Amino acid sequence: MVQELRRLKESASQTAGPYVHIGLTPNFGGIEGVYPHDLGAQPVNEKTKGERITVKMRIVDGAGTPLKDALVESWQADAEGLYNSPSETRGTADPNFQGWGRYPSEMDTGEIVFETIKPGRVPFPDGRMMAPHISLWIVARGINLGLATRMYFSDEETANAEDPVLTRLEHQNRVSTLIARRDGGAYVFDIHLQGDKETVFFDI
Amino acid sequence: MRNVRPETGGFFQRDRTWQPPAFTPGYKTSVMRSPQRAPVSFPHTLSETTGPVFGHHILGERDNDLTLNFAKPGESAIGPRIIVYGRVLDERGAGVSNVLLEFWQANAGGRYRHKKDGYLAPLDPNFGGCGRTITDANGNYFFRTIMPGAYPWPNGINDWRPAHIHFSLFGHGFVQRLITQMYFDGDPMIWQCPIVATIPERRAIEGLIAALDMQATVPMDARAYKFDIVLRGRHSTLFENRMEGN
Ligand SMILES: [Fe+3]
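Residues numbered from 1 in each chain as written. Chains lettered and ligands numbered in written order. Predicted model: local features only at pLDDT ≥ 70, side-chain atom pairs only at ≥ 80, totals over all residues. Heavy atoms only, no water.

A. The packing of aromatic side chains, seen in detail. For the structure shown, the criterion picks out 18 aromatic pairs over all chains. Taken together, a centroid distance of 5.1 Å and an interplanar angle of 85 degrees make the contact between A:Trp100 and B:Phe54 edge-to-face. Of this pair, A:Trp100 sits in strand β3 (residues 100-104) while B:Phe54 is found in the loop between α2 (46-49) and β1 (81-90), placing the two residues in two different chains. Ring geometry for A:Phe153 and A:Tyr187: centres 4.9 Å apart, planes at 80 degrees, overall edge-to-face. Pair noted here: A:Phe153 is in strand β6 (residues 147-153) and A:Tyr187 is in strand β8 (residues 186-192), with a separation of 34 residues, a long-range link. Each member of the pair A:Phe153 and A:Tyr187 is classed as buried. Counting every residue linked through ring pairs, the aromatic cluster contains B:Phe103, B:Tyr141, B:Phe143, B:Phe167 and B:Phe227. Sitting above the plane of the A:Phe153 ring, A:Lys118 keeps its charged end 5.2 Å from the centroid. Here the guanidinium or amino end of B:Arg202 rests over the ring plane of B:Trp191, the centre of that ring lying 4.1 Å away. (Phe/Tyr/Trp six-rings, centres within 6.5 Å; stacked < 30°, edge-to-face > 60°. Helix = DSSP H or I, 4+ residues; strand = E, 2+ residues; numbered from the N terminus. Buried < 20%, exposed > 50% of the residue type's maximum accessible area, 1.4 Å probe, protein only. Lys NZ or Arg CZ within 6 Å of the ring centre and 35° of its normal.)

Below, the structure is given as C-alpha coordinates:
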(Lines give C-alpha, C1' and ligand atoms only; values in the text may rest on other atoms or scores of the structure.)
Protein backbone atom coordinates (compact mmCIF):
# COMPACT_ATOMS: atom_id res chain seq x y z
CA MET A 1 0.00 0.00 0.00
CA VAL A 2 1.00 3.61 -0.51
CA GLN A 3 -0.42 6.88 0.77
CA GLU A 4 -3.60 8.08 -0.88
CA LEU A 5 -3.42 11.11 -3.15
CA ARG A 6 -6.97 12.10 -2.11
CA ARG A 7 -7.67 13.86 -5.35
CA LEU A 8 -11.32 14.57 -6.11
CA LYS A 9 -12.84 13.87 -9.51
CA GLU A 10 -14.21 16.72 -11.61
CA SER A 11 -18.02 16.81 -11.42
CA ALA A 12 -19.55 15.09 -14.44
CA SER A 13 -20.85 17.42 -17.13
CA GLN A 14 -24.47 17.34 -18.28
CA THR A 15 -26.00 18.97 -21.33
CA ALA A 16 -27.09 22.61 -21.06
CA GLY A 17 -30.40 21.43 -22.55
CA PRO A 18 -32.90 23.35 -24.68
CA TYR A 19 -33.68 25.95 -22.00
CA VAL A 20 -30.14 27.23 -21.37
CA HIS A 21 -31.40 30.76 -22.08
CA ILE A 22 -33.39 30.82 -18.84
CA GLY A 23 -30.20 30.53 -16.83
CA LEU A 24 -27.57 32.25 -18.95
CA THR A 25 -29.37 34.81 -21.12
CA PRO A 26 -32.75 35.27 -19.42
CA ASN A 27 -33.49 38.64 -21.02
CA PHE A 28 -32.87 37.16 -24.47
CA GLY A 29 -35.12 34.26 -23.46
CA GLY A 30 -37.98 36.56 -22.47
CA ILE A 31 -37.48 36.56 -18.68
CA GLU A 32 -37.19 40.24 -17.88
CA GLY A 33 -36.86 42.02 -14.58
CA VAL A 34 -34.62 39.51 -12.80
CA TYR A 35 -31.23 40.79 -14.05
CA PRO A 36 -30.72 44.29 -15.53
CA HIS A 37 -29.01 42.80 -18.61
CA ASP A 38 -27.59 39.52 -19.86
CA LEU A 39 -23.94 38.94 -18.93
CA GLY A 40 -21.49 39.03 -21.82
CA ALA A 41 -23.89 40.60 -24.31
CA GLN A 42 -21.69 43.68 -24.87
CA PRO A 43 -17.98 42.92 -24.53
CA VAL A 44 -16.86 46.22 -26.09
CA ASN A 45 -17.73 49.78 -25.18
CA GLU A 46 -16.87 53.08 -26.88
CA LYS A 47 -13.55 53.30 -25.00
CA THR A 48 -12.25 49.80 -25.81
CA LYS A 49 -8.92 50.02 -27.63
CA GLY A 50 -8.34 48.12 -30.84
CA GLU A 51 -9.82 47.39 -34.25
CA ARG A 52 -13.58 46.80 -34.06
CA ILE A 53 -14.66 43.64 -35.83
CA THR A 54 -17.95 41.87 -36.43
CA VAL A 55 -18.11 38.09 -36.22
CA LYS A 56 -20.90 36.08 -37.88
CA MET A 57 -21.07 32.52 -36.70
CA ARG A 58 -23.25 29.48 -37.18
CA ILE A 59 -23.05 26.07 -35.53
CA VAL A 60 -24.04 23.35 -37.95
CA ASP A 61 -25.03 19.77 -37.09
CA GLY A 62 -24.21 16.57 -38.98
CA ALA A 63 -27.27 17.01 -41.23
CA GLY A 64 -26.17 20.53 -42.27
CA THR A 65 -28.79 22.27 -40.13
CA PRO A 66 -27.73 25.30 -38.04
CA LEU A 67 -28.41 24.88 -34.32
CA LYS A 68 -31.06 27.30 -33.09
CA ASP A 69 -30.67 26.51 -29.41
CA ALA A 70 -26.89 26.74 -28.92
CA LEU A 71 -24.92 29.14 -26.78
CA VAL A 72 -21.35 30.24 -27.47
CA GLU A 73 -18.93 31.92 -25.08
CA SER A 74 -15.83 33.71 -26.31
CA TRP A 75 -12.61 34.50 -24.44
CA GLN A 76 -9.85 36.59 -25.95
CA ALA A 77 -6.95 38.89 -25.25
CA ASP A 78 -7.17 42.65 -25.67
CA ALA A 79 -5.58 44.52 -28.59
CA GLU A 80 -2.15 44.31 -26.89
CA GLY A 81 -2.40 40.56 -26.28
CA LEU A 82 -3.22 40.81 -22.55
CA TYR A 83 -6.00 38.92 -20.79
CA ASN A 84 -8.31 40.70 -18.37
CA SER A 85 -7.83 38.06 -15.66
CA PRO A 86 -6.07 37.73 -12.27
CA SER A 87 -3.94 34.93 -13.79
CA GLU A 88 -2.52 37.42 -16.31
CA THR A 89 0.81 38.40 -14.80
CA ARG A 90 2.48 40.11 -17.77
CA GLY A 91 0.67 43.40 -17.40
CA THR A 92 -2.71 45.04 -17.03
CA ALA A 93 -5.28 44.53 -19.75
CA ASP A 94 -7.50 47.27 -21.18
CA PRO A 95 -9.99 48.00 -18.37
CA ASN A 96 -12.63 48.73 -21.02
CA PHE A 97 -12.49 45.21 -22.39
CA GLN A 98 -13.54 42.24 -20.29
CA GLY A 99 -12.46 39.81 -23.03
CA TRP A 100 -15.43 37.54 -22.49
CA GLY A 101 -18.73 37.36 -24.37
CA ARG A 102 -21.78 35.15 -24.34
CA TYR A 103 -24.01 34.71 -27.38
CA PRO A 104 -27.14 32.62 -27.90
CA SER A 105 -28.00 31.47 -31.45
CA GLU A 106 -30.93 33.37 -32.92
CA MET A 107 -33.94 31.15 -32.29
CA ASP A 108 -35.28 31.41 -35.88
CA THR A 109 -32.08 31.44 -38.01
CA GLY A 110 -29.34 29.99 -35.81
CA GLU A 111 -27.13 33.02 -36.58
CA ILE A 112 -24.77 34.43 -34.00
CA VAL A 113 -23.50 37.95 -34.68
CA PHE A 114 -21.32 39.92 -32.28
CA GLU A 115 -18.96 42.83 -32.16
CA THR A 116 -15.56 42.64 -30.54
CA ILE A 117 -12.01 43.77 -31.20
CA LYS A 118 -9.23 41.95 -32.98
CA PRO A 119 -7.08 40.39 -30.24
CA GLY A 120 -3.32 40.85 -30.00
CA ARG A 121 -0.85 37.97 -30.03
CA VAL A 122 -0.24 35.82 -26.96
CA PRO A 123 2.78 33.56 -26.35
CA PHE A 124 2.75 29.76 -26.34
CA PRO A 125 4.47 28.25 -23.22
CA ASP A 126 7.78 28.00 -25.12
CA GLY A 127 7.74 31.71 -25.97
CA ARG A 128 6.74 31.47 -29.63
CA MET A 129 3.90 33.83 -30.45
CA MET A 130 0.48 32.45 -31.28
CA ALA A 131 -1.56 34.07 -34.04
CA PRO A 132 -4.50 36.25 -32.96
CA HIS A 133 -7.37 33.99 -31.97
CA ILE A 134 -10.59 33.90 -29.98
CA SER A 135 -11.22 30.87 -27.75
CA LEU A 136 -14.75 29.52 -28.03
CA TRP A 137 -16.84 27.25 -25.82
CA ILE A 138 -20.06 25.79 -27.20
CA VAL A 139 -22.95 24.24 -25.31
CA ALA A 140 -26.39 23.11 -26.48
CA ARG A 141 -29.02 20.43 -26.20
CA GLY A 142 -27.37 17.19 -27.37
CA ILE A 143 -23.86 18.32 -26.37
CA ASN A 144 -22.89 16.40 -23.23
CA LEU A 145 -19.64 18.25 -22.51
CA GLY A 146 -18.99 21.81 -23.71
CA LEU A 147 -16.91 21.89 -26.92
CA ALA A 148 -13.71 23.96 -27.04
CA THR A 149 -12.31 25.41 -30.25
CA ARG A 150 -10.58 28.56 -31.50
CA MET A 151 -11.31 31.07 -34.21
CA TYR A 152 -8.33 32.45 -36.16
CA PHE A 153 -8.41 35.16 -38.85
CA SER A 154 -7.97 34.68 -42.62
CA ASP A 155 -6.05 37.97 -43.02
CA GLU A 156 -3.32 36.90 -40.56
CA GLU A 157 -1.63 34.52 -42.98
CA THR A 158 1.94 35.03 -41.71
CA ALA A 159 0.99 34.67 -38.05
CA ASN A 160 -1.24 31.68 -38.77
CA ALA A 161 1.57 29.92 -40.65
CA GLU A 162 3.78 30.01 -37.55
CA ASP A 163 1.07 29.48 -34.93
CA PRO A 164 2.19 26.71 -32.52
CA VAL A 165 -1.32 25.24 -32.24
CA LEU A 166 -2.19 25.34 -35.94
CA THR A 167 1.17 23.94 -37.01
CA ARG A 168 0.95 20.97 -34.63
CA LEU A 169 -2.27 19.65 -36.19
CA GLU A 170 -1.50 16.29 -37.74
CA HIS A 171 -4.05 16.78 -40.52
CA GLN A 172 -3.04 20.13 -41.99
CA ASN A 173 -6.06 20.10 -44.32
CA ARG A 174 -8.18 20.68 -41.20
CA VAL A 175 -6.48 24.00 -40.32
CA SER A 176 -9.01 25.79 -42.52
CA THR A 177 -11.83 24.72 -40.17
CA LEU A 178 -10.35 27.08 -37.56
CA ILE A 179 -10.03 30.15 -39.76
CA ALA A 180 -12.77 32.75 -40.12
CA ARG A 181 -12.89 34.27 -43.59
CA ARG A 182 -13.19 38.00 -44.08
CA ASP A 183 -16.37 38.87 -45.94
CA GLY A 184 -16.76 42.62 -46.37
CA GLY A 185 -16.70 44.12 -42.89
CA ALA A 186 -17.25 40.84 -41.03
CA TYR A 187 -15.50 37.61 -40.23
CA VAL A 188 -17.62 34.60 -41.09
CA PHE A 189 -17.07 31.40 -39.15
CA ASP A 190 -19.12 28.22 -39.44
CA ILE A 191 -18.55 25.57 -36.82
CA HIS A 192 -19.37 22.09 -38.09
CA LEU A 193 -20.06 19.53 -35.39
CA GLN A 194 -19.70 16.58 -37.78
CA GLY A 195 -19.00 15.52 -41.34
CA ASP A 196 -16.32 16.30 -43.95
CA LYS A 197 -15.94 19.86 -42.66
CA GLU A 198 -15.92 18.91 -38.97
CA THR A 199 -14.26 21.71 -37.00
CA VAL A 200 -11.17 20.85 -34.98
CA PHE A 201 -12.18 20.67 -31.32
CA PHE A 202 -9.66 20.67 -28.51
CA ASP A 203 -9.13 18.39 -25.53
CA ILE A 204 -7.52 20.98 -23.31
CA MET B 1 -10.23 39.36 1.47
CA ARG B 2 -6.84 37.68 1.61
CA ASN B 3 -4.25 39.00 -0.72
CA VAL B 4 -3.00 35.82 -2.37
CA ARG B 5 -0.84 35.64 -5.44
CA PRO B 6 -3.01 34.43 -8.31
CA GLU B 7 -2.35 30.90 -9.52
CA THR B 8 -1.04 30.67 -13.04
CA GLY B 9 -0.37 26.96 -13.63
CA GLY B 10 -2.06 24.76 -16.22
CA PHE B 11 -4.99 22.52 -15.31
CA PHE B 12 -5.08 18.76 -14.76
CA GLN B 13 -5.93 16.74 -17.83
CA ARG B 14 -9.66 16.13 -18.08
CA ASP B 15 -10.62 12.48 -17.49
CA ARG B 16 -12.61 11.72 -20.60
CA THR B 17 -13.49 8.22 -19.38
CA TRP B 18 -15.28 9.83 -16.41
CA GLN B 19 -17.01 12.59 -18.37
CA PRO B 20 -19.84 11.63 -20.75
CA PRO B 21 -18.67 10.92 -24.31
CA ALA B 22 -20.08 13.09 -27.12
CA PHE B 23 -21.89 10.26 -28.93
CA THR B 24 -24.56 8.74 -26.66
CA PRO B 25 -27.33 7.27 -28.86
CA GLY B 26 -29.68 6.75 -25.86
CA TYR B 27 -29.87 10.56 -25.84
CA LYS B 28 -30.95 10.94 -29.44
CA THR B 29 -30.06 14.60 -30.00
CA SER B 30 -26.40 13.78 -29.39
CA VAL B 31 -26.25 11.61 -32.51
CA MET B 32 -26.14 14.54 -35.00
CA ARG B 33 -24.36 16.93 -32.63
CA SER B 34 -21.37 14.85 -31.57
CA PRO B 35 -17.96 15.44 -33.14
CA GLN B 36 -16.60 12.19 -34.55
CA ARG B 37 -12.89 12.95 -34.73
CA ALA B 38 -10.52 12.85 -31.81
CA PRO B 39 -10.17 16.22 -30.08
CA VAL B 40 -6.66 17.71 -30.30
CA SER B 41 -4.55 18.41 -27.21
CA PHE B 42 -1.83 21.00 -26.64
CA PRO B 43 -0.12 22.44 -23.53
CA HIS B 44 -2.15 25.08 -21.75
CA THR B 45 -1.37 28.65 -22.76
CA LEU B 46 -2.64 31.88 -21.27
CA SER B 47 -5.73 31.46 -23.45
CA GLU B 48 -6.63 28.42 -21.34
CA THR B 49 -5.28 29.33 -17.88
CA THR B 50 -6.87 32.77 -17.69
CA GLY B 51 -10.58 33.43 -17.46
CA PRO B 52 -13.09 36.20 -16.82
CA VAL B 53 -13.81 37.35 -13.27
CA PHE B 54 -17.16 38.47 -11.98
CA GLY B 55 -17.29 40.72 -8.95
CA HIS B 56 -19.92 40.46 -6.24
CA HIS B 57 -21.12 43.89 -7.43
CA ILE B 58 -22.99 42.29 -10.34
CA LEU B 59 -25.31 40.53 -7.91
CA GLY B 60 -28.72 41.89 -7.03
CA GLU B 61 -30.19 41.31 -3.57
CA ARG B 62 -32.60 38.61 -4.74
CA ASP B 63 -30.42 36.95 -7.37
CA ASN B 64 -29.97 33.92 -5.10
CA ASP B 65 -33.63 33.64 -4.13
CA LEU B 66 -35.74 32.06 -6.87
CA THR B 67 -38.80 32.06 -4.62
CA LEU B 68 -38.84 35.87 -4.79
CA ASN B 69 -36.76 37.15 -7.70
CA PHE B 70 -39.60 36.93 -10.24
CA ALA B 71 -42.51 37.19 -7.81
CA LYS B 72 -44.91 40.10 -7.42
CA PRO B 73 -44.37 42.10 -4.23
CA GLY B 74 -45.71 40.17 -1.25
CA GLU B 75 -46.05 36.91 -3.21
CA SER B 76 -43.71 33.98 -3.79
CA ALA B 77 -43.26 30.96 -6.02
CA ILE B 78 -45.37 27.85 -5.44
CA GLY B 79 -43.73 24.60 -4.38
CA PRO B 80 -41.77 22.96 -1.58
CA ARG B 81 -39.31 25.54 -0.32
CA ILE B 82 -35.67 24.43 -0.31
CA ILE B 83 -32.19 25.79 0.26
CA VAL B 84 -29.34 24.47 -1.88
CA TYR B 85 -25.89 25.00 -0.44
CA GLY B 86 -22.42 23.57 -0.82
CA ARG B 87 -18.86 24.26 -1.81
CA VAL B 88 -17.09 24.59 -5.10
CA LEU B 89 -13.83 22.67 -4.82
CA ASP B 90 -11.12 21.79 -7.26
CA GLU B 91 -9.64 18.33 -7.78
CA ARG B 92 -7.00 19.13 -5.14
CA GLY B 93 -9.79 19.56 -2.57
CA ALA B 94 -9.27 23.31 -2.22
CA GLY B 95 -12.27 25.64 -2.12
CA VAL B 96 -12.53 27.85 -5.22
CA SER B 97 -13.36 31.48 -4.46
CA ASN B 98 -15.20 33.95 -6.67
CA VAL B 99 -16.87 31.29 -8.82
CA LEU B 100 -19.93 32.65 -10.63
CA LEU B 101 -22.68 30.04 -10.32
CA GLU B 102 -25.79 30.40 -12.45
CA PHE B 103 -28.73 28.03 -12.08
CA TRP B 104 -32.01 27.45 -13.84
CA GLN B 105 -34.88 25.05 -13.39
CA ALA B 106 -38.50 24.13 -14.10
CA ASN B 107 -41.26 25.19 -11.71
CA ALA B 108 -42.87 22.86 -9.16
CA GLY B 109 -45.06 21.37 -11.90
CA GLY B 110 -42.12 20.64 -14.21
CA ARG B 111 -42.74 23.54 -16.61
CA TYR B 112 -40.06 25.97 -17.81
CA ARG B 113 -40.70 29.62 -18.48
CA HIS B 114 -39.50 29.29 -22.09
CA LYS B 115 -41.31 29.82 -25.37
CA LYS B 116 -40.21 26.37 -26.57
CA ASP B 117 -41.59 24.50 -23.55
CA GLY B 118 -45.11 23.33 -24.45
CA TYR B 119 -45.65 20.94 -21.53
CA LEU B 120 -49.26 21.17 -20.35
CA ALA B 121 -48.30 21.79 -16.71
CA PRO B 122 -49.11 25.42 -15.85
CA LEU B 123 -46.68 28.31 -15.51
CA ASP B 124 -46.34 29.80 -12.05
CA PRO B 125 -46.80 33.57 -12.44
CA ASN B 126 -44.39 34.12 -9.54
CA PHE B 127 -41.58 31.90 -10.79
CA GLY B 128 -38.99 32.82 -13.44
CA GLY B 129 -36.57 29.95 -12.88
CA CYS B 130 -33.13 31.59 -12.90
CA GLY B 131 -30.72 32.65 -10.19
CA ARG B 132 -27.04 33.28 -9.58
CA THR B 133 -24.48 33.75 -6.84
CA ILE B 134 -20.70 33.94 -6.36
CA THR B 135 -18.70 31.75 -3.97
CA ASP B 136 -17.05 33.29 -0.92
CA ALA B 137 -13.32 33.11 -0.12
CA ASN B 138 -13.66 29.42 0.89
CA GLY B 139 -15.77 28.33 -2.07
CA ASN B 140 -19.13 28.32 -0.23
CA TYR B 141 -22.41 29.23 -1.88
CA PHE B 142 -26.15 28.93 -1.21
CA PHE B 143 -29.47 29.86 -2.73
CA ARG B 144 -33.18 29.50 -2.07
CA THR B 145 -35.63 28.01 -4.49
CA ILE B 146 -38.56 25.62 -4.79
CA MET B 147 -38.30 21.93 -5.57
CA PRO B 148 -38.58 21.56 -9.37
CA GLY B 149 -40.99 18.99 -10.80
CA ALA B 150 -40.11 16.06 -13.06
CA TYR B 151 -41.17 16.53 -16.69
CA PRO B 152 -41.63 14.46 -19.85
CA TRP B 153 -39.48 15.16 -22.90
CA PRO B 154 -39.37 13.96 -26.49
CA ASN B 155 -36.70 11.26 -26.78
CA GLY B 156 -38.22 7.82 -26.31
CA ILE B 157 -42.04 7.73 -26.25
CA ASN B 158 -42.11 7.90 -22.46
CA ASP B 159 -38.91 9.51 -21.18
CA TRP B 160 -39.06 11.77 -18.13
CA ARG B 161 -36.39 13.95 -16.59
CA PRO B 162 -35.87 13.48 -12.86
CA ALA B 163 -36.27 16.64 -10.79
CA HIS B 164 -33.09 18.65 -11.43
CA ILE B 165 -31.46 22.06 -11.30
CA HIS B 166 -29.09 23.14 -14.10
CA PHE B 167 -25.78 24.67 -12.95
CA SER B 168 -23.20 26.73 -14.83
CA LEU B 169 -19.82 27.50 -13.20
CA PHE B 170 -16.88 29.77 -13.96
CA GLY B 171 -13.65 28.73 -12.29
CA HIS B 172 -10.46 30.75 -12.64
CA GLY B 173 -9.45 29.49 -16.09
CA PHE B 174 -11.60 29.33 -19.22
CA VAL B 175 -10.97 25.56 -19.49
CA GLN B 176 -12.47 25.05 -16.00
CA ARG B 177 -15.84 26.08 -17.40
CA LEU B 178 -18.52 23.55 -16.52
CA ILE B 179 -22.25 23.05 -17.01
CA THR B 180 -23.95 20.25 -15.12
CA GLN B 181 -27.18 19.29 -13.36
CA MET B 182 -28.04 18.60 -9.73
CA TYR B 183 -30.38 15.74 -8.82
CA PHE B 184 -32.17 15.00 -5.54
CA ASP B 185 -31.46 12.36 -2.90
CA GLY B 186 -33.81 9.38 -3.18
CA ASP B 187 -35.36 10.15 -6.59
CA PRO B 188 -36.00 6.85 -8.43
CA MET B 189 -36.31 8.73 -11.77
CA ILE B 190 -32.55 9.43 -11.81
CA TRP B 191 -31.79 5.85 -12.82
CA GLN B 192 -34.32 5.91 -15.69
CA CYS B 193 -33.03 9.05 -17.39
CA PRO B 194 -31.18 8.83 -20.76
CA ILE B 195 -29.40 12.14 -20.07
CA VAL B 196 -28.11 10.93 -16.70
CA ALA B 197 -27.14 7.68 -18.44
CA THR B 198 -24.72 9.53 -20.75
CA ILE B 199 -22.36 9.47 -17.73
CA PRO B 200 -20.46 6.18 -17.88
CA GLU B 201 -19.67 5.59 -14.19
CA ARG B 202 -22.18 5.20 -11.39
CA ARG B 203 -19.86 7.02 -8.98
CA ALA B 204 -19.80 10.04 -11.27
CA ILE B 205 -23.62 10.08 -11.32
CA GLU B 206 -23.75 9.81 -7.54
CA GLY B 207 -21.53 12.90 -7.44
CA LEU B 208 -24.42 14.87 -8.99
CA ILE B 209 -27.02 13.82 -6.39
CA ALA B 210 -27.50 16.37 -3.62
CA ALA B 211 -27.91 15.03 -0.08
CA LEU B 212 -30.89 16.02 2.08
CA ASP B 213 -29.37 17.76 5.12
CA MET B 214 -31.85 18.11 7.97
CA GLN B 215 -29.21 19.86 10.09
CA ALA B 216 -29.05 22.76 7.64
CA THR B 217 -32.82 22.98 7.36
CA VAL B 218 -34.49 26.22 8.43
CA PRO B 219 -37.29 25.04 10.76
CA MET B 220 -40.83 25.96 9.63
CA ASP B 221 -39.36 27.38 6.39
CA ALA B 222 -37.21 25.28 4.05
CA ARG B 223 -35.40 21.94 3.86
CA ALA B 224 -31.75 21.98 2.79
CA TYR B 225 -29.84 20.02 0.15
CA LYS B 226 -26.06 19.93 0.11
CA PHE B 227 -24.44 19.96 -3.33
CA ASP B 228 -20.66 20.20 -3.68
CA ILE B 229 -19.22 20.72 -7.15
CA VAL B 230 -15.68 19.88 -8.24
CA LEU B 231 -13.85 21.85 -10.93
CA ARG B 232 -10.60 20.82 -12.59
CA GLY B 233 -7.47 21.00 -10.45
CA ARG B 234 -4.51 23.19 -11.24
CA HIS B 235 -0.82 22.37 -11.36
CA SER B 236 1.04 24.13 -8.61
CA THR B 237 3.22 26.97 -9.81
CA LEU B 238 5.79 25.65 -7.32
CA PHE B 239 6.78 22.94 -9.78
CA GLU B 240 6.19 24.93 -12.92
CA ASN B 241 8.83 24.70 -15.57
CA ARG B 242 8.99 28.34 -16.50
CA MET B 243 10.16 28.59 -20.04
CA GLU B 244 11.50 31.79 -21.37
CA GLY B 245 8.83 34.18 -22.54
CA ASN B 246 6.15 32.67 -20.33
FE1 LIG C 1 -34.00 20.66 -17.52
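B. Representation of the coordination of the iron ion within the structure. Residues and elements named next belong to chain B. For the iron ion, every protein donor is listed as Tyr 112 (OH), Tyr 151 (OH), His 164 (NE2) and His 166 (NE2), and the spread of their distances is 1.9 to 2.2 Å. If you look at the iron ion, its four donor atoms make angles of 89 to 164 degrees with each other, and the shape they trace is irregular. Here the donor residues for the iron ion map to a single chain with the spacing Y-x38-Y-x12-H-x1-H. With Tyr 112 in the loop between β2 (100-104) and β3 (130-134) and His 166 in strand β7 (residues 164-170), this pair connects stretches of sequence that are 54 residues apart. The same class applies to Tyr 112 as to His 166, namely buried. (Donors = N, O, S within 2.8 Å, 3.2 Å for Na, K, Ca; no water. Tetrahedral: all angles 85-135°; square planar, octahedral: opposite > 155°, others 65-115°.)

C. Molecular detail of a nonpolar patch on the surface. A surface patch of nonpolar side chains, about 260 Å² in accessible area, is lined by B:Phe23, B:Val31 and B:Met32. By the secondary structure assignment, B:Val31 is in helix α1 (residues 30-33). (Patch = residues over 30% accessible without salt bridge, like charges linked within 9 Å, V, L, I, M, F, W, Y side chains within 5 Å. Areas by Shrake-Rupley, 256 points an atom, 1.4 Å probe, with all protein chains shown as cover. Salt bridge = Lys/Arg side-chain N within 4 Å of Asp/Glu carboxyl O.)

D. Inspection of the environment of A:Lys9 at higher detail. Locating A:Lys9 in the fold gives a position in the segment before α1 (20-24). Looking at A:Lys9, the relative accessible area reads 33%, which means it is partly exposed. Setting aside residues up to four positions removed in sequence, A:Lys9 forms contacts with B:Asp15, B:Trp18, B:Glu91 and B:Val230. In terms of polar contacts, A:Lys9 uses its side chain to reach the side chain of B:Asp15, at 2.6 Å. (Contact = heavy atoms within 4.5 Å. Polar contact = N/O pair within 3.5 Å; in protein donor to acceptor, adjacent residues only side chain to side chain.)

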